[in-house]
Amino acid sequence: MLIVMKPDASQSDIERVVQVIERLGFKGHPMPGESRTAIGITGNRGSVDPTHFENLPGVAEAIRVTKPYKLISSDLKPGRSVVKVGTASIGGGSLAMIAGPCAVETAEQVFAAAEAVAASGAKFFRGGAFKPRTSPYAFQGKGEDGLKILAEVRDRFGLNIVTEAMDEHGIDLVEKYGDCIQIGARNMQNFSLLKYAGKASKPVLLKRGLSATLDEFLLAAEYIMAEGNYNVILCERGIRTFADHARNTMDLSIVPAVRRLSHLPIIIDPSHGTGHNYMVEPLALAGTAVGADGLIIEVHPCPEEALCDGAQALTTDQFSKLYSKVRQVHSVIAAQNDTEVLHQSLEQIA
Ligand code: PEP
Ligand code: MN
């Protein structure tokens, strides 16, 4: 059930609807949109009787939801969500750039990468302190010491920190030191972790699982939102297919598919999506052209010495060249979108 409020509904009308939802034993999720607020209901097993709401002040209509997801849906919130991450935002027409090394290795390595990322004009820095590695003998990350280095990056360079958590303790630590909790591909269906992230105060970057369908991906985001954390950013990072020329297969068609169904921002990770330095730029440009809200790119001051994912890391020079090309593509796409919006408004006036 979805309660759509009238455009002139007051805050107390909205609160009244939430109270009625809670009295029925469910949870209400008000989602303010551009022209009206809608309130999602979760916690119900069967259908909810719309007559509880139809005559309440400020209610426009009560709609039965037939899709498996509620809170991620464009039905609940038409238009695009903008998610605040630290001092900047992701979504809403701009192109977010998140860049940095795969893993935090040393303070020198991280600061060298951060200096280049900040100089390029990007607002977000990435770097893993907890690394999900295939082998238990591979470098696992520097843990809390790594997060302290990332917190210093924010202080020195003014970059907002996106970093992965692999368990509940990791989420607590990322909340303390970082600006955005990354849930990696391998944990996309770790439901208890998703629920825990749903209770966190920081936004969540949710990466698509290695073999997740669109519905599985969206329902993973729904887990986080159902707990009350509505600040979710989706990330396509490539999926497993029979193709072996790249580390993964970048599924760029998921961007328009997500945008059709959901208000959540979606970004692209061409580094993990391809696994090869020479493929990162072309796929970053393609991801931008297909309408992504941002990119996450691995950059290392010395890729050949990287402890993790060196083959896909860009040098700082390669990164700044990529970013300037990506901006050009984005400005063309943004100008086209503006023209379309203008034509639509002129048609409405005519
Ligand atoms: C990462 O971004 O460092 C990472 C491990 O990515 P993924 O979860 O997409 O493999
Ligand atoms: Mn990596």
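Computed from a prediction, not measured in an experiment: that's the story for all the values here.

**Notes on the pattern of salt bridges**
Counting across every chain of the model gives eleven salt bridges. Across the pair arginine 208 and glutamate 236 runs a salt bridge whose closest N-O atoms are separated by 2.8 Å. With arginine 208 in the loop between strand 11 (204-207) and helix 6 (214-226) and glutamate 236 in strand 12 (residues 232-236), the pair connects residues that are 28 residues apart, well separated along the chain. Take arginine 208 and glutamate 236: they sit in the same class, and that class is buried. Arginine 208 serves as the salt-bridge partner of aspartate 251, at 2.8 Å between the closest nitrogen and oxygen. Within this pair, whereas aspartate 251 is found in the loop between strand 12 and helix 7 (254-261), its partner arginine 208 is found in the loop between strand 11 and helix 6, the two being separated by 43 residues in sequence. Given the relative accessible area of 18%, aspartate 251 is considered buried. Residue arginine 208 is classed as buried on the basis of its relative accessible area, which comes to 5%.

**Topic: the site of ligand 1**
The immediate surroundings of ligand 1 are formed by Arg126, Lys131, Pro132, Glu164, Gln182, Gly184, Ala185, Arg186, Lys207, Arg237, His272 and Glu298. Take alanine 185: an N or O atom from its main chain is 2.8 Å from an oxygen atom of ligand 1. Contact with the protein chains removes 97% of the 300 Å² of surface that ligand 1 exposes when unbound.

**Remarks on the coordination of the manganese ion (ligand 2)**
The manganese ion (ligand 2) binds to the protein through Cys102 (SG), His272 (NE2), Glu298 (OE) and Asp309 (OD), with metal-donor distances spanning 2.0 to 2.4 Å. Expressed as a motif, the donor residue spacing for the manganese ion (ligand 2) is C-x169-H-x25-E-x10-D. Remark: aspartate 309 occurs in the loop between strand 14 (294-298) and helix 10 (316-349) and glutamate 298 occurs in strand 14; sequence separation between them is eleven residues.

**Some remarks on the packing of helix 2 (residues 107-120) against helix 10**
Running from N to C, helix 2 and helix 10 cross one another at 25°; their axes reach a closest spacing of 10 Å. Considering the angle they form, helix 2 stands roughly parallel to helix 10. Considering how the two elements wind past one another, helix 2 and helix 10 form a crossing that is right-handed. Here Ala112, Ala116, Val117 and Ser120 of helix 2 come into contact with helix 10, specifically with Thr316, Phe319, Tyr323 and Arg327. For the contact of helix 2 with helix 10, the per-class residue count stands at five nonpolar, two polar and one charged.

The rules behind these values
- Residues numbered from 1 in each chain as written.
- Chains lettered and ligands numbered in written order.
- Predicted model: local features only at pLDDT ≥ 70, side-chain atom pairs only at ≥ 80, totals over all residues.
- Heavy atoms only, no water.
- Salt bridge = Lys/Arg side-chain N within 4 Å of Asp/Glu carboxyl O.
- Helix = DSSP H or I, 4+ residues; strand = E, 2+ residues; numbered from the N terminus.
- Buried < 20%, exposed > 50% of the residue type's maximum accessible area, 1.4 Å probe, protein only.
- Near = heavy atom within 4 Å.
- Polar contact = N/O pair within 3.5 Å; in protein donor to acceptor, adjacent residues only side chain to side chain.
- Areas by Shrake-Rupley, 256 points an atom, 1.4 Å probe, with all protein chains shown as cover.
- Donors = N, O, S within 2.8 Å, 3.2 Å for Na, K, Ca; no water.
- Axes fitted to C-alpha atoms, helices over the stretch in contact; angles between N-to-C directions.
- Parallel < 35°, antiparallel > 145°, perpendicular 65-115°, else oblique.
- Left-handed = near helix turned anticlockwise from the far one by under 90°.
- Contact = heavy atoms within 4.5 Å.
- Nonpolar A, V, L, I, M, F, W, Y, C, P; charged D, E, K, R; others polar.

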